[in-house]
Amino acid sequence: MEIETPLMENNNFQSLFKNNNYIAFVLFYLVMLIQSFLFTSFGTFFPHNAFLLSKLVNLLIIFYVIYGIIIQITARKLIYISVILLIVLLTFWKLRIFSPYIKLLLLSIAVPATIHSGKKVVGIFALALLTTMSITTALSLLGYLPQSGTTSKSIFSNYQETVYFLGFSHPNAFGTFLSMIFASCMFLFYKKHRWIMFMIAPVVFATNVAIGAGTAAVSTLFVFIISVMTVKFYKITYLLPVCLATFALWLSYYNNSAFGMILNEKIASRPNVWNAYTSQYPIKLISDPIYVNTDGYSGILGNGVLDGSYIYVLIFWGLMALILYIIIFITLIKFSIDTKNKVLFAISVMIIVSAFPESHMIMFYENVFLLFIGFYQYPMVERNKYLQS
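Every value quoted in this text rests on a predicted model; they were computed, and no experiment measured them.

Participant: Please clarify how the nonpolar core should be interpreted in this entry.
Facilitator: Soluble globular proteins: nonpolar side chains tend toward being buried together. Counting 124 residues, the largest nonpolar core has F28, Y64, Y310, W317, F369 and F372 as its most contacted members. If you tally residues by element for this core, the top one is helix α15 (residues 319-338), at 12 residues. With sequence-adjacent residues up to four places away left out, W317 is seen in contact with L95, S99, P100, Y101, L285, I286, S287, Y312, Y325, I362 and M363.

Dropping the structure here:
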């Protein structure tokens, strides 16, 4: 039995924050809205405004973390905060960048500390994504952002890193947002509104297929099928992120093997791109700042675009970050088993598998379920209650 020992408690102070938890809702919504909006093509066409918004969201996150810490300090929470802040400080000292990885870690402190409900966290996230999609689509239809078109930074490559779609920089970005809204709705409504989700799933899948967002379409199908199937929660699934991370690293070194060449054809030359990175940048516990050379034939394949979460994390943030992401992925599986939540299990497996070819699932503003790691601030009984409420 886990025991929670208060170290600092002021009933009036805590009551004030408890009665005004809408502050946390607004802060979280604004952070997710601004950060997801910055992921669109807005920054390309309005760089000054995007710069100001990025500064604003950084300040909001810092304020939110402070707000989350001072509500209540317990022994368990203090340990969690100390470990996370140590990792954040070490990473920032080395990289000097307020990266999505650092923001994820900070929000994993603030969000579960102030919003004691997994469903509310997911609901706010889904609302923020929906708002971003609506604003971005409207701006593209009004002519402020591109509705279509392609660009590439290298004249030596046929790879078009940017394929505009309704204000987004790629159909897969639009599709990922749509798929994560669907996954959020499955998490929120599947038990009580199963038949509605049955009708929505093929619409989301067909939309992603129609716009060319293949990975997003598969992700949608993955979540839906696992959720509706009679499936047992096997703890062997804990090994899945470790196996996929190891396999991705192996492919990055043996991309020219017979098997590697077959996969190069199947997953858009990703092993070759991974090899270009791992052969030029040594793997470290915490990475040095990466400056990608995209000039001519000597540059990185794909104009510097690195798809594949396991290699992306390893190269840009380091081995410590990869280990932490694997722990987060395993934690999601554990939480789904502890709460007997089949939809969360399906989402967890989808995240882990999608992380192999794509880099979307490691970004907190595209995948709010990463923040669930922060519920470790609470003992098991309390944690499971929050995850199910």
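Here the narrative resumes.
Participant: Would you mind going over the side chain of S287 with me for this structure?
Facilitator: Positionally, S287 belongs in the loop between α13 (270-278) and α14 (309-316). The exposure class of S287 is buried, given its relative accessible area of 2%. Of the polar contacts made by the side chain of S287, one reaches the backbone oxygen of I315; its length is 2.8 Å. Looking at S287, its side chain comes within polar contact range of the main-chain nitrogen of G318, at 3.0 Å. Filtering out sequence-adjacent residues up to four positions away, S287 remains in contact with K94, L95, L314, I315, F316, W317 and G318.

Participant: Whenever I open this one, the pattern of salt bridges confuses me. Can you help?
Facilitator: Where charged atoms of side chains with opposite charge meet at close range, the side chains can pair. Applying the stated criterion across every chain yields a total of 5 salt bridges. For K284, the salt bridge identified is with D288, shortest N-O distance 2.3 Å. With a relative accessible area of 32%, K284 lands in the partly exposed category. The partly exposed category is assigned to D288, whose relative accessible area is 29%. Overlapping salt bridges, with partners in common, bring together K94, K284 and D288 in one network.

Participant: Just to check I follow, could you spell out the packing of helix α9 (residues 194-211) against helix α10 (residues 214-228) for this structure?
Facilitator: Interhelical geometry of α9 versus α10 gives an angle of 160° and a closest axis separation of 7 Å. With respect to α10, the axis of α9 lies roughly antiparallel. The interaxial crossing formed by α9 with α10 has left-handed handedness. The residues of α10 that touch α9, namely those facing M197, F198, A201, V204, F205, N208 and V209, are G214, A216, A217, T220, L221, F224 and V228. Along the lines of polarity and charge, the residues of the contact of α9 with α10 split into 11 nonpolar, 3 polar and no charged.

Reading the values: rules and limits
- The residue numbers shown here count from 1 along each chain, following its written sequence.
- Where totals are concerned, whole chains, interfaces and linings use all residues; where local detail is concerned, this predicted model gives features only for residues with pLDDT of at least 70, and gives and counts side-chain atom pairs only at 80 or more.
- To get the side-chain values, take all heavy atoms of the structure and skip hydrogens and water.
- Remark: nonpolar core denotes a set of buried residues (Ala, Val, Leu, Ile, Met, Phe, Trp, Tyr, Cys) joined through side-chain atoms within 4.5 Å.
- Buried means the residue's accessible area, taken with a 1.4 Å probe over protein chains only, is under 20% of the maximum for its type, while exposed means over 50%, and partly exposed covers the values in between.
- We count a stretch as a helix when DSSP gives it H or I for four or more residues in a row; a strand needs E for two or more, and each element gets its number in order from the N terminus.
- Two residues qualify as a contact provided that any one of their heavy atoms is within 4.5 Å of a heavy atom in the partner residue.
- Distance and chemistry together define a polar contact, namely a pair of N or O atoms within 3.5 Å, with one atom able to donate a hydrogen and the other to accept it when in protein, and with adjacent residues in sequence counting only for side-chain atoms on both sides.
- Each reported salt bridge corresponds to a side-chain nitrogen of Lys or Arg within 4 Å of a carboxyl oxygen of Asp or Glu.
- Between N-to-C directions, angles span 0 to 180 degrees; the directions come from axes that are lines fitted to C-alpha atoms, helices contributing only their stretch in contact.
- Angular relationships are summarised with four words: roughly parallel below 35 degrees, roughly antiparallel beyond 145, roughly perpendicular across 65 to 115, and oblique for the angles in between.
- Take the far helix as the reference: if the near one is turned anticlockwise from it by less than a right angle, the crossing is left-handed, and if turned clockwise, right-handed.
- Side-chain classes are defined by residue name, with Ala, Val, Leu, Ile, Met, Phe, Trp, Tyr, Cys and Pro counting as nonpolar, Asp, Glu, Lys and Arg as charged, and the others, Gly among them, as polar.

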